[in-house]
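Below, each chain spelled out in residue letters.
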Amino acid sequence: MLQRPAYRKALVLSGLIGIPVSLIAFWFLAALHELEHLVWVTWPHHLGWADPPWWWPLPWAPVTGVSVALIVLWLPGGGGHIPAGGLHAGGMTKAALPGVVLAALACLPLGVSLGPEAPLIALGGGLALLFRDLARAPATEAGNTLLGAAGAAAAVSAIFGNPLVGAILLMEVAGVGGPQLFAVMLPALLASGIGAIVFTGFGDWTGLKIDSLNIGLPRPPALDTGDVVWAVLMALAIGVLIHYVQVIGRHTAVLVAARTLRVTVLCAIAAAGCAAAYAGITGRSPVDVASSGQATLGQLASDPTAWSVGALVAVLAFKSAAYAISLGSLRGGPVFPSLFLGGAAGALLAPLPGLGLVPAMAAGMAASSAAALRLPVSSVVLVVMLLGNSDAVPVIVLAAVVAFVTTELLPPGPRIPDLRPPRYPRP
């Protein structure tokens, strides 16, 4: 492949395009962060509250709903992909960029239970094609696919904090290698996870040691039988939960397609109502529900004892509802809310006999992200990078594969409706 001049030119162009795309993606994320901080921290403090009051999400919901509905109806691209359809690497055009940016700004800082990764992928792919045209490079179908994936990877790698996660995610999203590669990859992933468990178990049982890649860093306690058994059972339950959350999102998308303006506004209000109800019942901040969950997940992992059992049950219920509604009606990405739901489920179940907090949260996040994204390899890499704990990899692999297979065997729900051309507005 590298012997072909056209491929070498595309490789160089991808590297050059990655510079402006990553810079724009950085400022885009910085703008989202500053707006979110303004709405949920600065303004409540100026009004005399340490945390936003329980009703704080409600006034922002109509703004979000009307803005997204008008973007879907009038701007090319409909503000990006419908989140209930999962992540997509292609399909974005230069004309769709304004709608993608505006929809993300209308949703993510104002309390929608979605993440920024889907807008980043669309932004990176569209910008790559824009810079390709500015450079007057030839446009081919293969070149569009390559440059779009490269631009998306450059944009999304910032949010995951590791370029490896972005690259693997985009390879799996784009389906490089087709169904045959995926058919080989899943059994290999499962077998490698089971192999790691067997090696760990036999090493502890026999007392014999074998050489493996180890640079001598301190290691946490090894996994035991309870961790593995509970991880598989958790993955089954979480896979079913996340699957039906997505099914509700698909049903919501069908309703939105029929009456875009009215239903989108009602959905935004309903999602905000979930956050308000959670805050009113638990006394905690509505941000726990009315956000992507990226920052809240870090707080949960660092101090899980700050959450009572009731608060964990409530956040699982209300954030699942807000997430399902947002998936079908608003714009954003499915990754971080699913990670948070898995982490919260793991923290809730960690006191089970024989189960520790680290393997519980690791298995929960792997299962929820694999069920939401249908990308088991990316889910494994993402959770391993987030935790930085190599000894939890076997349960992460098992949980991701079990949850993925579970969701694939369940009824998929309705098809995501195609966006109609914006010149034919719907009432």
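Residues numbered from 1 in each chain as written. Predicted model: local features only at pLDDT ≥ 70, side-chain atom pairs only at ≥ 80, totals over all residues. Heavy atoms only, no water.

A. The overall build of the protein chain, seen in detail. When helices and strands are counted, the protein chain shows 15 helices and zero strands. Of the contacts made within the protein chain by residues no fewer than 6 positions apart, 79% connect residues no fewer than 24 positions apart. Carbon together with sulfur atoms contributes 70% to the accessible area of the protein chain, which is approximately 19,400 Å² in total. (Helix = DSSP H or I, 4+ residues; strand = E, 2+ residues; numbered from the N terminus. Contact = heavy atoms within 4.5 Å. Areas by Shrake-Rupley, 256 points an atom, 1.4 Å probe, with all protein chains shown as cover.)

B. Focus on the packing of aromatic side chains. Within this structure, the stated rule accounts for seven aromatic pairs. Judged by centre distance (5.2 Å) and plane angle (80 degrees), the ring pair of Phe26 and Trp27 falls under edge-to-face. Residue Phe26 is classed as partly exposed on the basis of its relative accessible area of 48%. Here Trp43 and Trp60 contribute two aromatic rings whose centre-to-centre distance is 5.8 Å and whose plane-to-plane angle is 20 degrees, an arrangement assigned as stacked. With Trp43 in helix α1 (residues 5–46) and Trp60 in helix α2 (residues 57–74), this pair connects stretches of sequence that are 17 residues apart. Note on Trp43: relative accessible area 35%, which makes it partly exposed. These aromatic residues form a ring-pair network of at least three members: Trp43, Trp49, Trp55, Trp56 and Trp60. (Phe/Tyr/Trp six-rings, centres within 6.5 Å; stacked < 30°, edge-to-face > 60°. Buried < 20%, exposed > 50% of the residue type's maximum accessible area, 1.4 Å probe, protein only.)

C. A nonpolar patch on the surface, seen in detail. A cluster of nonpolar side chains, Val12, Leu16, Ile19, Leu23, Phe26 and Trp27, forms an exposed patch at the surface whose accessible area comes to about 680 Å². If you trace the backbone, Val12 turns up in helix α1. (Patch = residues over 30% accessible without salt bridge, like charges linked within 9 Å, V, L, I, M, F, W, Y side chains within 5 Å. Salt bridge = Lys/Arg side-chain N within 4 Å of Asp/Glu carboxyl O.)

D. Broad picture of the confidence of the model for the protein chain. Residues at a pLDDT of 70 or more form 79% of the protein chain, whose mean pLDDT is 82. Ignoring residues within four places in sequence, the model shows residues 201–220, a span with pLDDT below 50, making nine contacts including any to other chains. Considering only residues more than four positions removed or in separate chains, one finds that residues 420–427, a stretch of pLDDT under 50, has 14 contacts. (pLDDT = per-residue confidence, 0-100.)

E. Main features of the nonpolar core. Counting 114 residues, the largest nonpolar core has Leu87, Phe160, Leu300, Trp307 and Leu339 as the members making the most contacts within it. For this core, the leading source of residues is helix α13 (residues 357–373), giving eleven residues. Ignoring any residue separated from it by four or fewer positions in sequence, one finds Leu87 in contact with Glu117, Ala118, Ile121, Leu169, Val173, Pro334, Val335 and Leu373. (Core = buried A, V, L, I, M, F, W, Y, C linked by side-chain atoms within 4.5 Å.)

F. Summary view of unusual backbone geometry. Of note, Arg374 is a non-glycine position whose phi angle comes to about 60 degrees, a positive value. For Arg374, the location among the structural elements is in the loop between α13 and α14 (376–387). Judged by relative accessible area, Arg374 falls into the partly exposed class, the value being 21%.

G. Focus on the environment of Ser22. Tracing the chain through its elements places Ser22 in helix α1. Under the relative-accessibility criterion, Ser22 is labelled partly exposed at 29%. Ser22 sits 130 residues away from Ala152 along the chain, and the two C-alpha atoms are 9.2 Å apart. Of the polar contacts made by the side chain of Ser22, one reaches the backbone oxygen of Ile19; its length is 2.9 Å. (Polar contact = N/O pair within 3.5 Å; in protein donor to acceptor, adjacent residues only side chain to side chain.)

H. Structural view of the packing of helix α8 (residues 225–258) against helix α11 (residues 309–329). It is the contact of α8 with α11, at a shortest axis distance of 7 Å, that shows an interaxial angle of 40 degrees. In terms of orientation, α8 lies oblique with respect to α11. When you trace α8 past α11, the crossing you get is right-handed. Two secondary-structure elements touch here, α8 through Leu241, Val245, Gln246, Ile248, Gly249, Thr252, Ala253 and Val256 and α11 through Ser320, Tyr323, Ala324, Ile325, Leu327, Gly328 and Ser329. Residue composition of the contact of α8 with α11, grouped by class: nine nonpolar, six polar and no charged. (Axes fitted to C-alpha atoms, helices over the stretch in contact; angles between N-to-C directions. Parallel < 35°, antiparallel > 145°, perpendicular 65-115°, else oblique. Left-handed = near helix turned anticlockwise from the far one by under 90°. Nonpolar A, V, L, I, M, F, W, Y, C, P; charged D, E, K, R; others polar.)

I. Representation of the pattern of salt bridges within the structure. Following the criterion strictly, the structure yields two salt bridges and no others. Arg284 serves as the salt-bridge partner of Asp288, at 2.9 Å between the closest nitrogen and oxygen. We classify Arg284 as partly exposed; its relative accessible area is 26%. With its nearest N and O atoms 3.2 Å apart, the salt bridge here joins Glu408 to Arg374. Here Arg374 lies in the loop between α13 and α14 and Glu408 lies in helix α15 (residues 393–409), a separation of 34 residues in the sequence. Judged by its relative accessible area of 45%, Glu408 is partly exposed.

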